[in-house]
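Here is how the chains run, residue by residue.
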Amino acid sequence: MTDDAPEPPSGLRAMLPDLAPWRASRDFRRLWYAGLISNFGSFLTFVALPVQLKDLTGSAAAVGAIGAVELVPLLVFGLYGGALADAWDKRKLIVWTEAGQGLLSVALLLNALLPHPAVWPLYVVAALSSALVSVQRPALDSLWPRIVAHDHLPAAASLNSFRWTVGGVAGPALAGVVVAYAGLGWAYGADLLTFAVSVVLVVRIAASPASHEAAKPSLKAIAEGARYAWGRKELLGTYAVDLAAMFLAMPLALLPFLADELDADWSLGLMYASVPLGALLVSLTSGWTSRIHRHGRMVVLSAALWGLAIAAAGIMDDVWLVLLFLTVAGGCDMVSGIFRGAMWNQTIPDELRGRLAGIELLSYSVGPTVGQVRAGGFASWWGVRTSVWSGGLLCAGAVGLLALCLPRLMSYDVRTNEHATRLRKQREAAAPAPMEA
């Protein structure tokens, strides 16, 4: 914040989301709407796919194996997608990958309409979708700092989180009803429609060509990004904390089986919606996040609380208490995500943003992906409930250990960090924001 910046709001207004990025950038609004719409549809499929696998196989390990087939594309295309995002037009990458996701929805829809749907297409689509998301997310994540003013980036992270959670709450809740009463085909068909609308919105934003300093996509370029990340121990800390939290305490693959054990099949959609609901509640009251400067400490604290909340959800016998603790966990995860995003966006130079976004993608995607395999395997050996609560406790312990080993993360302060200060000065010296309302 500059010396002549207005005084921050107080009282109830200070808790509300900061709408400055929304008011200042037309491209931000268009991209925000596109993400809201496509995320809504994606959450329909997010629920429908494991439910269909459960119905076809009856195996927790088979559902957890979704994470296994998503892992290799995620590792390969996450890193290469980051290099592409630095070297190519970011808008084009987003448009083409969004269109590709729509075609995958067509494949799921056609398979669901067969008299006897096959299992293997579900895994193939999951793998291809992982590849497309891995290419798209670095382009998308590296585009936000270009269309949003530097001091507005924490507020933009909160608004983007709000966008994700609206779809995360409404999508799973509706999916539970749609799948139960209308069928899987309707869920996949709705997902297809949302991708089509999203493409129409994204093509209207301004082009975002590569920075003139950006390296061409290659193994050398990927290695350059990795060296930069290795030299930034506070960034490494955010990756490590999130990876541990998601690998050890991601229970989503087990929710269909947890609902069965609690004799509450009706609650499945609510279980899937509870984590995003907690995130939504934090997003709606996220004004306070702009006044926090020690982002690293907030990342650690919220990740540890996420693990403890998941552990509590695994212990509870009452389905309403399970839903409550899943909601608390979602709120903690959102707090962690807001401050991780702020650290990334306010300290990474533009010419490396795509490649670092690819590494970020691995940190927040590999964990949940492999975590599904871990959760499914533990559930097969020791039971669903044990898999959930033990993972939560292991998460809290691992995060505490990482905090002790990563002093740079714990001492990070956006007001004094050399990388944040340098990037702030560069943005202030550059031309005005590229898009005005």
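Novice: Break down the overall build of the chain for me, citing the residues and quoting the values.
Specialist: A count of helical and extended segments in the chain gives 17 helices and 0 strands. Computed over the C-alpha atoms, the radius of gyration of the chain is 21 Å, within 12% of the 22 Å expected from 2.2 N^0.38 for a compact globule of 437 residues. Principal axes of the C-alpha set define a box for the chain whose edges measure 60 × 45 × 40 Å. By the burial criterion, 57% of the 437 residues in the chain qualify as buried. For the chain, the exposed surface amounts to about 18,300 Å²; the carbon and sulfur share of it is 69%. Across the chain, the mean location of the 32 positive side-chain charges is 7 Å away from that of the 31 negative side-chain charges.

Novice: Tell me about the confidence of the model for the chain, residues and numbers included.
Specialist: Here the chain shows a mean pLDDT of 82. Residues at 70 or above account for 92%. Predicted confidence is poor over residues 1–6, with pLDDT under 50, and the contacts of this stretch with residues over four places away or in other chains come to 4 contacts. In this model, residues 433–437 is a region of pLDDT below 50 whose contacts with residues beyond four sequence positions or in other chains number 13 contacts.

Novice: I'd like to hear about the environment of Ala62, residue by residue, with values.
Specialist: For Ala62, the position within the fold is in helix α3 (residues 60–87). The class of Ala62 is buried, set by a relative accessible area of 14%. Separated by 285 residues in sequence, Ala62 and Thr347 place their C-alpha atoms 41 Å apart.

Novice: Report on the pattern of salt bridges, specifying residues and quantitative values.
Specialist: Per the counting criterion, the structure on display carries 8 salt bridges. Between Arg232 and Glu234 there is a salt bridge; the shortest N-O distance is 2.8 Å. The class of Arg232 is buried, set by a relative accessible area of 1%. Owing to a relative accessible area of 1%, Glu234 belongs among the buried residues under this scheme. Where Glu234 meets Arg408, a salt bridge forms, and the shortest distance between an N and an O atom there is 3.6 Å. Placement of the pair is Glu234 in helix α9 (residues 233–249) and Arg408 in helix α16 (residues 407–411), with a sequence separation of 174 residues. We classify Arg408 as partly exposed; its relative accessible area is 41%. One network of salt bridges, in which partners are shared, links Arg232, Glu234 and Arg408.

Novice: Give a description of the packing of aromatic side chains that names residues and reports values.
Specialist: Counted under the stated rule, the structure contains 10 aromatic pairs. Members of the aromatic cluster, joined through ring pairs, are Trp22, Trp32 and Tyr33. For the cation-ring pair, Lys233 lies above Trp230, with the distance from its terminal atom to the ring centre recorded as 3.9 Å. Here the guanidinium or amino end of Arg374 rests over the ring plane of Phe378, the centre of that ring lying 4.8 Å away.

Novice: Go over the environment of Asp191, please, and point to the residues and values.
Specialist: Along the chain, Asp191 turns up in helix α7 (residues 184–202). The spatial distance from the C-alpha of Asp191 to the C-alpha of Asn39 is 8.8 Å, given a sequence separation of 152 residues. In this structure, Asp191 is in contact with Ser38, Gly41, Ser42, Leu44, Thr45 and Ser105, ignoring residues within four places of it in sequence. Here the side chain of Asp191 touches Ser105 through a polar contact of 3.3 Å, side chain to side chain.

Novice: With reference to specific residues and values, describe the packing of helix α12 (residues 295–315) against helix α15 (residues 384–405).
Specialist: Across the interface, α12 lies against α15 with an axial gap of 7 Å and an inter-helix angle of 160 degrees. Here α15 runs roughly antiparallel to α12, going by the angle between their axes. Like other packed secondary-structure pairs, α12 and α15 cross with a definite hand, here left-handed. Contacts between α12 and α15 involve Val300, Ala303, Ala304, Trp306, Gly307, Leu308, Ile310, Ala311, Gly314 and Ile315 from the first element and Arg385, Val388, Trp389, Gly392, Leu393, Cys395, Ala396, Val399 and Ala403 from the second. When grouped by side-chain class, the residues that make up the contact of α12 with α15 number 15 nonpolar, 3 polar and 1 charged.

Novice: An account of unusual backbone geometry is needed here, citing residue identities and associated values.
Specialist: Leaving glycine out, the prevailing phi sign among residues is negative, and the prevailing peptide bond configuration is trans. Positive phi outside glycine occurs at Asp263, with the angle close to 55 degrees. Among the structural elements, Asp263 can be located in the loop between α10 (255–261) and α11 (268–284).

Novice: Before we move on, could you go through α12 and cite the residues and values that matter?
Specialist: Relative to the 30 Å expected for 21 residues at 1.5 Å per residue, α12 spans 31 Å between its end C-alpha atoms, a close match to the ideal helical length. The buried count for α12 comes to 16 of 21 residues, which makes it a mostly enclosed element.

Novice: Any chance you could break down the nonpolar core for me, citing the residues and the numbers?
Specialist: Among the nonpolar cores identified, the biggest contains 76 residues, and Leu255, Met271, Trp306 and Leu326 are the most heavily contacted of them. Here the element with the most residues in this core is helix α13 (residues 319–345); it accounts for 11 residues. Discounting residues that sit within four places of it in the chain, Met271 has contacts with Leu255, Leu258, Ala259, Leu262, Val319, Val322, Leu323 and Leu326. Core analysis: the second largest hydrophobic core is formed by 24 residues, Trp32, Leu93, Val135 and Trp144 among them.

Cut-offs and rules
- Residues numbered from 1 in each chain as written.
- Predicted model: local features only at pLDDT ≥ 70, side-chain atom pairs only at ≥ 80, totals over all residues.
- Heavy atoms only, no water.
- Helix = DSSP H or I, 4+ residues; strand = E, 2+ residues; numbered from the N terminus.
- Rg over C-alpha atoms; globule rule 2.2 N^0.38 Å.
- Buried < 20%, exposed > 50% of the residue type's maximum accessible area, 1.4 Å probe, protein only.
- Areas by Shrake-Rupley, 256 points an atom, 1.4 Å probe, with all protein chains shown as cover.
- Lys, Arg positive; Asp, Glu negative; His and termini not counted.
- Charge placed at Lys NZ, Arg CZ, Asp CG, Glu CD.
- pLDDT = per-residue confidence, 0-100.
- Contact = heavy atoms within 4.5 Å.
- Salt bridge = Lys/Arg side-chain N within 4 Å of Asp/Glu carboxyl O.
- Phe/Tyr/Trp six-rings, centres within 6.5 Å; stacked < 30°, edge-to-face > 60°.
- Lys NZ or Arg CZ within 6 Å of the ring centre and 35° of its normal.
- Polar contact = N/O pair within 3.5 Å; in protein donor to acceptor, adjacent residues only side chain to side chain.
- Axes fitted to C-alpha atoms, helices over the stretch in contact; angles between N-to-C directions.
- Parallel < 35°, antiparallel > 145°, perpendicular 65-115°, else oblique.
- Left-handed = near helix turned anticlockwise from the far one by under 90°.
- Nonpolar A, V, L, I, M, F, W, Y, C, P; charged D, E, K, R; others polar.
- Expected span 1.5 Å × (residues − 1).
- Core = buried A, V, L, I, M, F, W, Y, C linked by side-chain atoms within 4.5 Å.

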